[in-house]
Amino acid sequence: MKLWWLILLACCGRAPLVDEPGAFYTWDDRTMHCAAEIDDSDSIPMTSIMDALDRAASEGSVLELLVHRPGVSMTRDELTTLLQGVADRQLPFLTVKDMLAGPPRAGVALMFDDAYPDIWLGVEDLLMQYDAHVTLYITWYARIDQHARDGIRQLADDGHDIEAHSVNHIRGPNYVDAHGLDDYIANEVIPSFEVLRADGYDPVSYAYPFGMRTDEIDQAVLASGYAKTVRALVQPNPARASACPL
Ligand SMILES: [Zn+2]
């Protein structure tokens, strides 16, 4: 049964990226954003990503794309192809803070999640070559070592945007079921902003670990006063429960 379901998803269950409305920010000032994961394990062909870039360019929206370990979870050649595709279409790279500030324009929001500054710095030459400013959603900040923090500092100094991605990278709805919504906000959300603020960053957005969320959690995260936007995922892995609501 499970195998059949996976086969069905692999062959027929996914809309092409260009047809995923949640992956395109249309400058409607919404607080919910969704990114398309494009690591190799997500099996989205580069041609689909290029089609989606064409849509963003033609309609003036921002395509939101997520990679975890560029050069590892996505090959360096693939990243180069992506960056070149963006350059060919003369699209700017926009961070989360760029999307909050406006003005409305076509672009690409490239995001790297979790806490891999050494790996991210490994492609910094490519990012600089293509003038690509990336949003880095950071988790585990309280427990990473000084070397990793120094790497994040260097990336921030290079113009990348530092945002919050929880304290422990736990599935939010599961945590809420076990401990309640107030504890989730108090223990997983707010401290992930505070620890970045303490080191001089200005995070204004919260990305859900595994993209897992509920409407109730969205409302509570935004009501905390720390997050102006929240970010989920489109085309979630079938092992995950919640999807982009857009
Ligand atoms: Zn993550």
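The coordinates are above.
Overview of the structure. Bear in mind the structure is a predicted one, so any value in this text is a computation, not a measurement.

The rules behind these values
- Residues numbered from 1 in each chain as written.
- Predicted model: local features only at pLDDT ≥ 70, side-chain atom pairs only at ≥ 80, totals over all residues.
- Helix = DSSP H or I, 4+ residues; strand = E, 2+ residues; numbered from the N terminus.
- Rg over C-alpha atoms; globule rule 2.2 N^0.38 Å.
- Buried ≥ 20, exposed ≤ 12 C-beta atoms within 10 Å, placed from the backbone.
- Arc of directions from axis to C-beta.
- Contact = placed C-beta atoms within 7 Å.
- Core = buried A, V, L, I, M, F, W, Y, C linked by C-beta atoms within 7 Å.
- Pairing = 2+ DSSP bridges.
- Right-handed = clockwise from strand over helix to strand, strands pointing away.
- Axes fitted to C-alpha atoms, helices over the stretch in contact; angles between N-to-C directions.
- Parallel < 35°, antiparallel > 145°, perpendicular 65-115°, else oblique.
- Left-handed = near helix turned anticlockwise from the far one by under 90°.
- Nonpolar A, V, L, I, M, F, W, Y, C, P; charged D, E, K, R; others polar.

1. Some details on the overall build of the chain
If you tally the helices and strands in the chain, you get ten helices and eight strands. In summary, the chain has a C-alpha radius of gyration of 17 Å against a globular reference of 18 Å for 246 residues, a match within 12%. C-alpha atoms of the chain, sized along the principal axes, occupy 50 × 45 × 35 Å.

2. Focus on helix H8 (residues 172-179)
Because each turn of an α-helix spans 3.6 residues, side chains separated by three or four positions in sequence point in the same direction. Among the residues of H8, Gly172, Tyr175 and Val176 are the ones counted as buried. Looking down the long axis of H8, one finds its buried residues gathered within 100° of arc, a one-sided arrangement. Facing away from the buried surface of H8 by more than 90 degrees, the exposed residues are Asp177 and Ala178. The inward-facing, buried residues of H8 abut helix H9 (181-198) and helix H10 (215-223). Of the residues flanking the end of H8, it is Gly180, one or two places downstream, whose phi is positive at about 100°.

3. Examining the nonpolar core
Ranked by internal contacts, the top residues of the largest apolar core, which has 68 residues, are Leu65 and Val108. Look past the residues within four positions of Val108 in its chain and what remains in contact with it is Leu53, Ala56, Val62, Leu63, Leu65, Val86, Leu91, Phe93 and Leu94.

4. Regarding unusual backbone geometry
Peptide bonds are mostly trans, and most non-glycine residues show a negative phi. Put simply, Gly102 and Pro103 share a cis peptide bond, and its omega is 0°. With a phi angle near 60°, His169 is a residue other than glycine that sits in the positive phi range. One can find His169 in the loop between strand S6 (161-164) and H8. Its 16 C-beta neighbours within 10 Å are what place His169 among the partly exposed residues.

5. Re the pairing of strand S2 (residues 32-37)
Counting buried positions along S2 gives five out of six residues, so the element sits mostly inside the fold. Relative to strand S8 (residues 229-234), S2 is paired through five bridges, and the arrangement is parallel. The partner of Cys34 across the bridge, within S8, is Ala232. Here S2 runs beside strand S3 (residues 62-67); their pairing, made up of two bridges, is parallel. Within S3, the position partnered with Ala36 by the bridge is Leu65. Each parallel crossover has a hand, and for S2 linked through helix H2 (residues 46-59) to S3 it is right-handed.

6. Some remarks on the packing of H9 against H10
The geometry of H9 relative to H10 is characterised by a closest axis approach of 10 Å and an angle of 55° between their N-to-C directions. Judged on the interaxial angle alone, H10 and H9 are oblique. For the pair H9 and H10, the crossing hand works out as right-handed. Contacts between H9 and H10 pair Leu181, Tyr184, Ile185 and Val189 from the former with Glu216, Ile217, Ala220 and Val221 from the latter. Class assignment for the residues of the contact of H9 with H10 results in seven nonpolar, no polar and one charged.

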